[in-house]
Structure formats: C-alpha cells, structure tokens
Amino acid sequence: MTFQEIIAKIGKGQKGAKNLNREEAEFAMKLLLEGKPSPYQVGAFLISLRIKEESPEELTIFTRLVRSAFYPDLKSMIVNPHELIDLPFYAGKKSSFHVGIPASLIMAGAGLKVVLHGDPTPPGRTSKSMILDVMGWKNQLTLKERIECFQETGWSYLDITQIHPSVKTFLDLRMEIGLRSVFHTLARFLNPFNAASQIVGVSHPKSFEKIAEAMKMLGISRGLVIRGLEGESEAGLSGPVEGLLLDQGNITKIKLDPALLGIPPVNRTEIEIRDPLSEALTAEKILDGSDGGDKKSLSLWNACIGLYLSGKAESMEKAYSQARESLESGKAFKILKIFKNKKLQPIRRS
C-alpha cells in the first residue's frame, strides 16, 4: 500500500471516489502525523477527502489514531467522564461575542467539570485564547499548569499547540489551501479528558448526521450537534436551537426553545463585539454581576444547555435554575478569581 494509492482511491470525484477501509485510513493518518507524505501529496489528500466528504467511519478511525499521539500528561488524567463536558472551539469569531467563556465558567460554578480546547490563531478570526489572555489566562501557561487548574477548579482551557501540535500544523494549512480540511473536524473530536458529554458546533447543518454518528462511534454518551454561532460550539438566542441529540446510542432531532424558560430573544446584531479587551471586560462584568443584558442572557442560555446535556440537571428548567444560581451566588466568578489571582495580570481599564 502506498500513499499514492490512497489518494487515487478517494480522488475520483464524488461519484467515483470510495471510502477508506480501516487499514487504509490508519495507514494514511499515521503517515500524515509522521510527516512522511510530500506537500503535494498532503494537499491532494486533503482536497480529495473534502470533495468526497469523510464518512463517519473514517472520522472515527482518524480520531482514534490522532488521540493515540496525545502527550503523556493527558493520557494519565483520571477524571470521571460522566462528570465532565467537552467544549471544542476551533472556528474563531469575526464579530460575535465569545459566549463560551462566561457560559463555561457558569457551568463549572454549578458543579459540572468543563474542559475547553481550541486553536489560538484561527486565520482572520479572534479566538478564545485571545480573550482569555486579556482576562489573565495567559497563553504562556504550560499544559501542566492548565491541568492543575482543572484539578483545582473543575475548569480549564487547553491550547491545541500543546495538546497536539501536529494537528495544529494541519489546521494552519487552511491559510495556504484556502479551505478547511478533515483536521478541523478531528480537532473538535479530540476530547482530551475523555468526557462523556460533548457539544459540537458546525457551520453547515448537512454535516449534523455525520458528526453525530462519529460521536456515537467514539463513545460519547450524550452529545449535541448544532449550527453554532460562527461555527463554534455555542448556541444562539434568536430563536429555538435545532440540532441532533445523541443520548445513549440513540440519535434524534431536538429543538431547544429559550422562550419556554422566559428568556427573551437576542438578535445577532445585539451580540456583536470586535475588540478582545471589550470582550474580556464584558465577560468579567457578567460573571461579577455588574452587567446584565443580552450577553448575560446568552451566557445563561448556553450554560443551561450544557448542564442539561451533561445530565447535571434533569430538565432545561432545572438547568436554567442551576445556571442562575451559579452566577448570582458568585460561584462562577470565584473560579475566574482563582486563576486571575494565581496567574493573571489584572485587566487594564480605560
């Protein structure tokens, strides 16, 4: 078997191309991670696979092989997967508020363990890393320090450059190729702490079923696939959130309606924000209780979804109550203060 034969199998267009079997998929991914194919072969493989479209089976095989190359610090983590939710953030934002930051801290304040992971430098976009850096979660934090924070608080953000630098290399190829590749999906599936619950946001609803099937094959107990804000794992608040729910092996359509909880709708224009400093200050104000409004509602809504999906709450109503209690009691803000006091420079206010 050669890499050229792999490209030939998947590169015959949507009608002529065939899916890779297990042996072929493992062979191809192993060579890619080892850096053995030429740049021309890498480009041909990624573009051919994008045109063919990855099957759930291919995504599962690729992901398992990529996970096997995790750093030892991650492999040695001992966490009850059913107490943890995984939130991948690899798309970045052009304009909308990074609600995943305050929402995840609200979830953690309610007693759910939360791990975020993402790309610090998505092309032409603002990342969670950039906002968190202003808030004091400095980019130079080591992987060990990030794990220690999780062990202390039940919350952490992991950088793809630390958890899997090889995957980061392939993500950066988007700047040369001009298109996303299978690695943008694989990064979302990394699930570094092996959480049983996961929310995956994608840009195109036609990918929902494929993503949900792959999550099922990868052992996720409860997963949610949604059309996220700008492709991130975040729900909007302009109306009901539609997606696919994976629950103990069963995949069903789901509609989560914030109106049933009395949460008013929030249009996209009302959550636009473009400056990392403004975002950081807004997130901190939400968490310390000094700011309300649309972005607070959006944060509570996303925290509510995470608490319900993970099984921390048995209904959306109870999940919303838990989210509000976490925020109003100061529990969410306490987690922010812990990592700010340890590692951070205070935000400079103008």
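In what follows, the accompanying structure is described. Because the structure is predicted, anything quoted here is derived from the model rather than measured.

Once that is clear, we can look at the overall build of the protein chain. The number of helices and strands found in the protein chain is 18 helices and 7 strands. Taken against the 2.2 N^0.38 rule, which gives 20 Å for 350 residues, the C-alpha radius of gyration of the protein chain at 20 Å falls within 12% of a compact globule. Reported as C-alpha extents along the three principal axes, the dimensions of the protein chain are approximately 60 × 40 × 40 Å. Here the protein chain holds 350 residues, and 57% of them are scored as buried. Long-range contacts, defined here as pairs at least 24 residues apart, represent 75% of the contacts in the protein chain between residues at least 6 apart. Between the centroid of the 47 positive side chains of the protein chain and the centroid of its 40 negative side chains there is a distance of 1 Å.

Turning our attention to the side chain of Ser233. You can see Ser233 is positioned in the loop between β5 (222-227) and β6 (241-247). Taking the relative accessible area as the measure of exposure, Ser233 reaches 6% and is therefore buried. Within the structure, Ser233 has its side chain in polar contact with the backbone oxygen of Ile199 (distance 3.2 Å). Polar contacts involving the side chain of Ser233 include one to the main-chain amide nitrogen of Gly201, which spans 3.1 Å. Those residues in contact with Ser233 that lie beyond four places of it in its chain are Pro88, Phe89, Ile199, Val200 and Gly201.

A word on the packing of aromatic side chains. Note on aromatic pairs: each is described by the distance of the centres and the angle between the planes. Evaluated as defined, the whole model comprises 6 aromatic pairs. The ring of Tyr308 is capped by Arg222, whose NZ or CZ atom sits 5.6 Å from the centre of that ring.

Turning our eyes to something else, we now look at the packing of helix α7 (residues 100-109) against helix α16 (residues 294-310). Closest axis-to-axis distance for the α7/α16 pair is 8 Å, and the angle between their directions is 50°. In terms of orientation, α7 lies oblique with respect to α16. Like other packed secondary-structure pairs, α7 and α16 cross with a definite hand, here right-handed. Each of Pro102, Ala103, Ile106 and Met107 in α7 lies in contact with α16, whose residues at this interface are Ser299, Leu300, Asn302, Ala303, Gly306 and Leu307. Of the residues contributing to the contact of α7 with α16, the split by class is 7 nonpolar, 3 polar and no charged.

For helix α15 (residues 276-288), with 13 residues, the first-to-last C-alpha span of 18 Å sits near the 18 Å given by 1.5 Å per residue. Glu279, Ala280, Leu281, Thr282, Ala283, Glu284, Ile286 and Leu287 are the residues of α15 that are buried. Positive phi appears at Gly289, one or two residues downstream of α15, with a value of about 85°.

Moving on: the layout of surface pockets. Of the volumes computed, that of the largest pocket is approximately 750 Å³. Contributing to the lining of the largest pocket are 26 residues, with Arg50, Arg174, Arg180, Ser203 and His204 lying nearest its centre. Listing elements by their share of the lining of the largest pocket, those giving two or more residues are α13 (182-188), β4 (197-202) and α14 (208-217). Ranked by the residues each element gives to the lining of the largest pocket, the list is headed by α13, at 3 residues. Of the residues in the lining of the largest pocket, the class split is 7 nonpolar, 8 polar and 11 charged.

A few words now on the pairing of strand β2 (residues 113-118). Working note: regular strand, side chains alternate between the two faces of the sheet. With 5 of 6 residues buried, β2 is to be regarded as a mostly interior element. Looking at chain direction, strand β1 (residues 84-89) and β2 are connected through 6 bridges and run parallel. The residue of β2 that forms the bridge with Asp86 is Val115. Handedness of the β-α-β unit built from β1, α7 and β2 comes out right-handed.

In terms of residue burial, β4 counts as a mostly covered element, since 6 of its 6 residues are buried. Residues of β4 alternate between two faces, with Ser197, Ile199 and Gly201 on one and Gln198, Val200 and Val202 on the opposite face, all of them buried. Sheet topology places β1 next to β4; 2 bridges connect them, and they run parallel. Residue pairing in the sheet places Asp86 in a bridge with Gln198 of β4. Here β4 runs beside β5; their pairing, made up of 6 bridges, is parallel. Opposite Ile199, over in β5, you have Leu224 as the bridge partner. Where the polypeptide runs from β4 across α14 and back to β5, its parallel neighbour, the crossover connection is right-handed.

Let us look at the nonpolar core. The biggest cluster of nonpolar side chains holds 61 residues, and the ones touching the most others in it are Met107, Val114, Trp155 and Trp301. Element by element, the count of residues in this core is highest for α16, at 8 residues. Every residue in contact with Val114, bar those within four places of it in the chain, is listed here: Leu84, Ile85, Leu87, Ser104, Met107, Ala108, Phe150, Gly154, Trp155 and Ser156. One finds Tyr90, Val115, Ile163 and Phe189 within the second-largest nonpolar core, a separate group that totals 55 residues.

So, about the pattern of salt bridges. For side chains bearing opposite charge, pairing can occur when the charged atoms are close. Scanning all chains against the criterion turns up 18 salt bridges. In this structure, Glu232 and Lys128 form a salt bridge, with 3.5 Å as the shortest nitrogen-oxygen distance. Highlighted residues: Glu232 in the loop between β5 and β6 and Lys128 in helix α8 (residues 128-135), separated in sequence by 104 residues. When its relative accessible area of 2% is taken as the criterion, Lys128 is described as buried. A salt bridge links Lys331 to Glu325; its shortest N-O distance comes to 3.3 Å.

What counts and what doesn't
- Within each chain, residue numbers correspond to sequence positions counted from 1 in written order.
- Only residues with pLDDT of 70 or above have their local features reported here, since the model is predicted, and side-chain atom pairs are shown and tallied only from 80 upward, although totals for entire chains, interfaces and linings are computed over all residues.
- Computation of side-chain values: all heavy atoms of the structure, hydrogens and water removed.
- Elements are defined by DSSP. Helices are runs of H or I of four residues or more, strands are runs of E of two residues or more, and each kind is numbered from the N terminus.
- For the radius of gyration, the atom set is restricted to C-alpha positions; the globular benchmark scales as 2.2 Å times the number of residues to the power 0.38.
- Here the term buried applies to any residue with accessible area under 20% of the maximum for its type, exposed to any over 50%, and partly exposed to those in between, with areas from a 1.4 Å probe on protein chains only.
- Residues are treated as being in contact if the distance between any of their heavy atoms lies within 4.5 Å.
- This count recognises Lys and Arg as positive and Asp and Glu as negative, with His and chain-terminal groups excluded.
- Charge positions are represented by NZ for Lys, CZ for Arg, CG for Asp and CD for Glu.
- We call two N or O atoms a polar contact when they sit within 3.5 Å, provided that within protein one can donate a hydrogen and the other can accept it, with sequence-adjacent residues counted only if both atoms are side-chain atoms.
- In summary, the pairing rule links any two rings of Phe, Tyr or Trp, Trp by its six-membered ring, whose centres are within 6.5 Å, and it sorts them by plane angle into stacked for under 30 degrees, edge-to-face for over 60 and tilted for everything else.
- For a ring to carry a charge above it, either NZ of a lysine or CZ of an arginine must fall within 6 Å of the ring centroid while also lying within 35 degrees of the normal to the ring plane.
- For helices, the fitted axis covers only the stretch in contact; all axes are lines through C-alpha atoms, and the angles between them, taken along N-to-C directions, range from 0 to 180 degrees.
- Reported orientations rely on four angle classes, namely roughly parallel under 35 degrees, roughly antiparallel over 145, roughly perpendicular from 65 to 115, and oblique for the rest.
- For any helix crossing, the convention is left-handed if the near helix is rotated counterclockwise from the far helix by under a right angle, and right-handed if that rotation is clockwise.
- For this classification, Asp, Glu, Lys and Arg are treated as charged, while Ala, Val, Leu, Ile, Met, Phe, Trp, Tyr, Cys and Pro are nonpolar and the rest, including Gly, are polar.
- Helix span is expected to be 1.5 Å times the residue number reduced by one.
- Buriedness of a pocket was judged along seven lines, with at least five required to meet protein on both sides within 12 Å; pockets are open sets of points on a 1 Å grid over the protein atoms alone, cavities are sets where a 1.4 Å probe fits but cannot get out, and lining residues have an atom within 4 Å of a point.
- Grid points are joined across faces, edges and corners, and a volume is the space filled by probe spheres set on the points.
- Pairs of strands are assigned from DSSP output, requiring at least two bridges between the strands.
- Classification remark: right-handed applies to a crossover when, strands pointing away from the viewer, the course from the first strand over the helix to the second runs clockwise.
- We define a nonpolar core as any set of buried Ala, Val, Leu, Ile, Met, Phe, Trp, Tyr and Cys residues linked to one another through side-chain atoms lying within 4.5 Å.
- We count a salt bridge whenever a side-chain nitrogen from Lys or Arg sits within 4 Å of a carboxyl oxygen from Asp or Glu.

Interpretation in functional terms is not warranted from these geometric data alone.
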